[in-house]
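# Observations on chain architecture
In case you want the letters, here they are:
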Amino acid sequence: MTLPSAAYAYVDPGTGSMFLQFLLATVLGALYLLKSYWRKLRGWLMRGRQAAATEDPAPREPRAPSDNPAPTEWHD
Amino acid sequence: MIEGIAPGSFRDPSGFVFQRDGTLYRQINVGAHDAYDSLMSSGLYDELVGAGLLVPHVEVGAAEAYAASAYQVIRPEPIRFISYPYEWCFSQLQDAALATLDIVRRALRRGMILKDASAYNLQWQGGRVVFIDTLSFAPYREGEPWAAYRQFCQHFLAPLALGGYTDIRLAQLLRVHLDGVPLDLASRLLPWHSRLRFSLLAHIHLHARSQRYFADRTVAPTPRPIGRQALLALIDSLESAVRRLSWRPQGTVWAEYEKETHYSERARDAKADLVGAMLERTRAERVWDLGANTGVFSRLASRRGALTVAFDADPAAVERNYRRCRDERDTHLMPLLLDLTNPSPGLGWAHAERAAWLDRGPAQTVMALALIHHLAIANNVPLATLAAFFRRLCTHLIIEFVPKEDEKVQQLLASREDIFPDYHADAFEDAFQRCFIIEEKAPIPETQRSLYLLRAREPA
């Protein structure tokens, strides 16, 4: 695994953290690639079916309601 | 703040922060000229300052250097009140985390990256979170991992996860662990079902495992790059992890205080009018509201244009206050978590890296409303001690005396022996008149409480 350039880094990145980051970045990067290919494919298919295709919005993960333990309410 | 190099500013060889003639400067050393030039010329500085994410600065020239090997000296816009992550409520820490990730993303787009992800790189200014460490930016080399990943997980993700999943009070671990909550500790304290969320499983639990595995091993690194796209995917994952964490401000001792109002409407309005008038008289620009709860009375000061810090010991109260500040885009009110009976001490190397709460004063006016009985009765602090303490904080003190006959004090005394023979209005006035002059005194109608406007006496 590559280490960050020594010239600027003074924070200890941690070997374990670097290892995990490499692992995660590879997995997530691959997933992201798959997601963007899938979106392209879908867009191509939809264009085939109808004249006006709506593009998917930004690639950020949407907030999944089931993940929140409870909705955050603001009481006054 | 003392003259010379800031006590906490010694870790980064790129430069340091120092004070001269009461003004704060940042020296950029020769070794970091590349990083600084890239920050300025790549457009990243302009973009971040324009977005209100980075503190703006003025270049004053290397001739103003404090020590040798200076490349440049800058004068950043001073932060009007310094606060620390262990004084922030859940949403403040969350917003600081999101700002950090936003900055990393913007930096990567311009060929730069943050070399550290410490929560101490952020402060609040005008109601918004802002990055203050201009020297944290380094040129990004394609293929390099993010050195600050560990720090981000410890400073932000771990305490937020502990607050959301286990107990909000665990955020105070940040006071003990100045480089963020150790991940093995967070992993142990988080409930089993936190592993069901992939981002927490990865960035906290597996991360802790990985740290433990490599703890005693030296690894010979084989060069394998992490692409920019993969890095951005990692940042996305961290952002998603942070956004999905939430905490409901309830279940704490003071969470429902405002609803259990024991003031009649007339009393409440009268108190607000009286406090407002007293604030007008002091015309303070820096106000501290102690025991501010959700900031109902703090806003009397902040709406008059005073920079107001609203301190309370209850995380739910501070959280509600902050959410309201955020919704209303309040530029003058800063809610913070503080236990007056155990305020933030000086922390870090030589007790000097993170300033004690008292060293960040004084304020001009301090408000101590519906507070004194908690200190004098619940915490047994003698009135004279209280007076001397307040004297250190301010020039003007707006304080509400809550007598023993008040129902709230009766509640405090319900389960204990009344060992407070000297807790009454006359003794209060005697004790405080040793350090203050009573400028004004007004009873609050339909209550037995009185408001006082006190002015500090000159030292003998």
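Rules and cut-offs
Residues numbered from 1 in each chain as written. Chains lettered and ligands numbered in written order. Predicted model: local features only at pLDDT ≥ 70, side-chain atom pairs only at ≥ 80, totals over all residues. Heavy atoms only, no water. pLDDT = per-residue confidence, 0-100. Contact = heavy atoms within 4.5 Å. Phe/Tyr/Trp six-rings, centres within 6.5 Å; stacked < 30°, edge-to-face > 60°. Helix = DSSP H or I, 4+ residues; strand = E, 2+ residues; numbered from the N terminus. Salt bridge = Lys/Arg side-chain N within 4 Å of Asp/Glu carboxyl O. Axes fitted to C-alpha atoms, helices over the stretch in contact; angles between N-to-C directions. Parallel < 35°, antiparallel > 145°, perpendicular 65-115°, else oblique. Left-handed = near helix turned anticlockwise from the far one by under 90°. Nonpolar A, V, L, I, M, F, W, Y, C, P; charged D, E, K, R; others polar. Expected span 1.5 Å × (residues − 1). Buried < 20%, exposed > 50% of the residue type's maximum accessible area, 1.4 Å probe, protein only. Patch = residues over 30% accessible without salt bridge, like charges linked within 9 Å, V, L, I, M, F, W, Y side chains within 5 Å. Areas by Shrake-Rupley, 256 points an atom, 1.4 Å probe, with all protein chains shown as cover. Lys, Arg positive; Asp, Glu negative; His and termini not counted. Charge placed at Lys NZ, Arg CZ, Asp CG, Glu CD. Pairing = 2+ DSSP bridges. Core = buried A, V, L, I, M, F, W, Y, C linked by side-chain atoms within 4.5 Å.

## Quick notes on the confidence of the model for chain B
- Across chain B, the average pLDDT comes to 94, with 97% of residues at 70 or higher.
- For this predicted complex, the interface score ipTM comes out at 0.84, while the overall pTM is 0.91.

## Remarks on the confidence of the model for chain A
- Here chain A averages 67 in pLDDT, and 53% of its residues register 70 or above.
- Below a pLDDT of 50 lies the segment residues 55-76 of chain A, which in the model reaches 38 contacts outside its immediate sequence neighbourhood of four places, other chains included.

## Examining the packing of aromatic side chains
- In the structure shown here, the tally under the stated rule is 25 aromatic pairs over all chains.
- Look at A:Phe19 and B:Phe214: their rings are 5.0 Å apart centre to centre, the planes differ by 50°, and that puts the pair in the tilted class. Separated into two different chains, A:Phe19 in helix H1 (residues 15-49) and B:Phe214 in helix H7 (residues 198-214) make up a pair that spans both.
- Ring-pair connections join several aromatic residues into one group, and the members of that group are B:Phe81, B:Trp288, B:Phe311, B:Trp357, B:Phe389, B:Phe390, B:Phe401, B:Tyr423, B:Phe428, B:Phe432, B:Phe436 and B:Tyr452.

## What about the pattern of salt bridges?
All names here are of chain B.
- Enumeration over the complete set of coordinates arrives at 29 salt bridges over all chains.
- Of the charged contacts in the structure, one is a salt bridge between Arg-323 and Glu-319, with a shortest N-O distance of 2.7 Å. Pair noted here: Arg-323 and Glu-319 are both in helix H11 (residues 315-327), with a separation of 4 residues, about one helical turn.
- With a shortest N-O distance of 2.7 Å, Glu-429 and Lys-441 are connected by a salt bridge. Taken together, the residues Glu-429 in helix H15 (residues 425-433) and Lys-441 in strand E15 (residues 436-443) connect sequence positions 12 residues apart.
- Each of the salt bridges in this network shares a partner with another, and the network as a whole consists of Glu-47, Asp-102, Arg-106 and Arg-110.

## What about the packing of helix H4 (residues 149-165) of chain B against H7(B)?
All names here are of chain B.
- Between H4 and H7, whose axes approach to 10 Å, the crossing angle comes to 120°. The angle between H4 and H7 falls in the class oblique. Every pair of crossing elements has a handedness; the one defined by H4 and H7 is left-handed. The segment H4 lies against H7, with Tyr-149, Arg-150, Cys-153, Gln-154, Leu-157, Ala-158, Ala-161 and Tyr-165 engaging Leu-200, His-203, Ile-204, His-207 and Gln-211.
- Across the contact of H4 with H7, the residue classes break down as 8 nonpolar, 4 polar and 1 charged.

## So, helix H3 (residues 90-109) of chain B
Residue and element names in this part refer to chain B.
- The first and last C-alpha atoms of H3 sit 29 Å apart over 20 residues, in line with the 28 Å expected at 1.5 Å per residue.
- Counting buried positions over the 20 residues of H3 gives 17, a clear majority of the element.
- One or two steps after H3, the chain reaches Gly-111, where phi turns positive at roughly 75°.

## Quick look at a positive patch on the surface
- Where like charges cluster on the molecular surface, the positive patch consists of B:Arg188, B:Arg195, B:Arg209 and B:Arg212.
- Inspection of the secondary structure assignment puts B:Arg212 in helix H7.

## Section: the sheet that holds strand E2 (residues 15-20) of chain B
Residues and elements named next belong to chain B.
- If you trace the 5 strands from one edge of the open sheet to the other, you get E1-E2-E3-E5-E4, paired in antiparallel fashion. Single-partner strands in this sheet number two, and they are strand E1 (4-5) and strand E4 (57-59).
- Sheet topology note: the strand E3 (residues 23-29)/strand E5 (residues 70-76) ladder contains 4 bridges and is antiparallel. Residue pairing in the sheet places Gln-27 in a bridge with Val-73 of E5.

## Focus: the nonpolar core
- By size, the foremost hydrophobic cluster in this structure holds 119 residues, and its most contacted members are B:Phe137, B:Trp146, B:Ile372, B:Phe390, B:Leu397, B:Ile399 and B:Phe432.
- Non-local contacts of B:Leu397, meaning those with residues more than four positions away in its chain, are made with B:Val366, B:Ala368, B:Phe390, B:Phe432, B:Phe436, B:Tyr452, B:Leu453 and B:Leu454.

## Describing the sheet that holds strand E16 (residues 450-456) of chain B
All names here are of chain B.
- Taking strand neighbours across the sheet as the criterion, the 7 strands line up as E12-E11-E10-E13-E14-E16-E15 in an open arrangement whose pairing is mixed. The two strands at the open ends of the sheet, each matched to only one other strand, are strand E12 (333-337) and E15. Shown here is a sheet whose adjacent strand axes are inclined to one another by a mean of 20°, direction ignored.
- The sheet contact formed by strand E13 (residues 365-368) and strand E14 (residues 396-401) spans 4 bridges and is parallel. Pairing of Thr-365 across the sheet is with His-396, part of E14.
- The sheet strands contacting helix H9 (residues 265-282) are E13, E14, E15 and E16, and the helix crosses E16 at an angle near 10°.

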